[in-house]
Amino acid sequence: MWNTLATTDITAEILPDEVTMLNTIQGSSSILAAILSTVTAEIQAGILVGGNQIGQPGTVPDQIRSDAIAMVRWKWFCSLPKTDLQSDFRRAQYDEAVKRMEKIRAGREKVEIPASPQSVTGPSFRMEAVRRGHRLSTHSFDKLGET
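If you're wondering where the values come from, they're calculated on a predicted model, not measured in any experiment.

Trainee: Would you mind going over the overall build of the protein in detail, with residue names and values included?
Mentor: On a plain count of helices and strands, the protein comes out with five helices and four strands. Its helices and strands in sequence order give the protein the pattern β-α-α-α-β-α-α-β-β, from N to C terminus. Split into buried and exposed, the 147 residues of the protein put 34% on the buried side. When contacts within the protein are restricted to residue pairs at least 6 apart in sequence, those whose partners lie at least 24 apart make up 75%. As displayed, the protein has an accessible area near 9400 Å², and 54% of this comes from carbon and sulfur atoms.

Trainee: Give a description of the side chain of Thr40 that names residues and reports values.
Mentor: By the element assignment, Thr40 lies in helix α3 (residues 28-49). The exposure class of Thr40 is buried, given its relative accessible area of 5%. In this structure Thr40 touches Leu5, Gly58, Thr59 and Val60, once residues within four positions along its chain are discounted.

Trainee: Pulling in residues and values, what's your account of the side chain of Ser28?
Mentor: With respect to the element layout, Ser28 can be found in helix α3. If sequence neighbours within four positions are ignored, Ser28 has contacts with Leu22, Asn23, Trp76 and Leu80.

Trainee: Account for the environment of Gln26, with residues named and values stated.
Mentor: Structurally, Gln26 can be placed in the loop between α2 (16-23) and α3. We classify Gln26 as exposed; its relative accessible area is 78%. For the pair Gln26 and Leu80, spaced 54 residues apart in sequence, the C-alpha separation works out to 9.7 Å.

Trainee: Tell me what's going on with the nonpolar core, and back it up with residues and numbers.
Mentor: By size, the foremost hydrophobic cluster in this structure holds 31 residues, and its most contacted members are Ile10, Leu22, Ile43, Ile47 and Trp76. Breaking this core down by element, the ones donating at least two residues are α3, α4 (65-78) and α5 (88-105). Counting residues per element, this core draws most heavily on α4, at eight residues. Once residues within four sequence positions are removed from consideration, Ile43 is found in contact with Val60, Ile64, Ala68, Met71 and Met101.

Trainee: Could you give an account of the pattern of salt bridges, with specific residues and numbers?
Mentor: One pass over the structure, following the stated rule, counts seven salt bridges. Between Glu18 and Arg90 there is a salt bridge, with its nearest N and O atoms 2.9 Å apart. Taken together, the positions of Glu18 in helix α2 and Arg90 in helix α5 put the pair 72 residues apart, joining distant regions of the chain. Each member of the pair, Glu18 together with Arg90, is buried. Two residues, Arg91 and Asp95, come together in a salt bridge whose shortest N-O distance is 3.1 Å. Residue Arg91 and its partner Asp95 are both found in helix α5; the two are separated by four residues, about one turn of the helix. Residue classification places Asp95 among the partly exposed positions, given a relative accessible area of 31%. If you follow the salt bridges from partner to partner, you end up with Asp67, Arg100 and Glu109 in one network.

The rules behind each value
Residues numbered from 1 in each chain as written. Predicted model: local features only at pLDDT ≥ 70, side-chain atom pairs only at ≥ 80, totals over all residues. Heavy atoms only, no water. Helix = DSSP H or I, 4+ residues; strand = E, 2+ residues; numbered from the N terminus. Buried < 20%, exposed > 50% of the residue type's maximum accessible area, 1.4 Å probe, protein only. Contact = heavy atoms within 4.5 Å. Areas by Shrake-Rupley, 256 points an atom, 1.4 Å probe, with all protein chains shown as cover. Core = buried A, V, L, I, M, F, W, Y, C linked by side-chain atoms within 4.5 Å. Salt bridge = Lys/Arg side-chain N within 4 Å of Asp/Glu carboxyl O.

Have a look at this one:
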């Protein structure tokens, strides 16, 4: 399933003491909302480039929900003054999420099909012609159909 990712999903993944500390930093919640919107759009773009369909704006597939949260959380914490929140463990979670998104973007990992996919116009899907293990150059197809 594809579901909306909200700021409350991000704050639910951190400790209550950390949420309290973050609330004392002026503008941290508006920063979180902007980062969430940007990361969600980047994730959807990567999914689309990888040859997958995408859900409605603001949604992510459940299979990569934790990766999306790790990406948003790390970018949010890095946008704030230096705190204890920027730990090596959270950095590792972010790095793993980015690696997984790179696989999806390259088409090496598929994501679940959304119940109501977005209608996307323009060149969004890639196609490669492979023959006997070798890539074909497309310039040889330029003269097809000509007599």
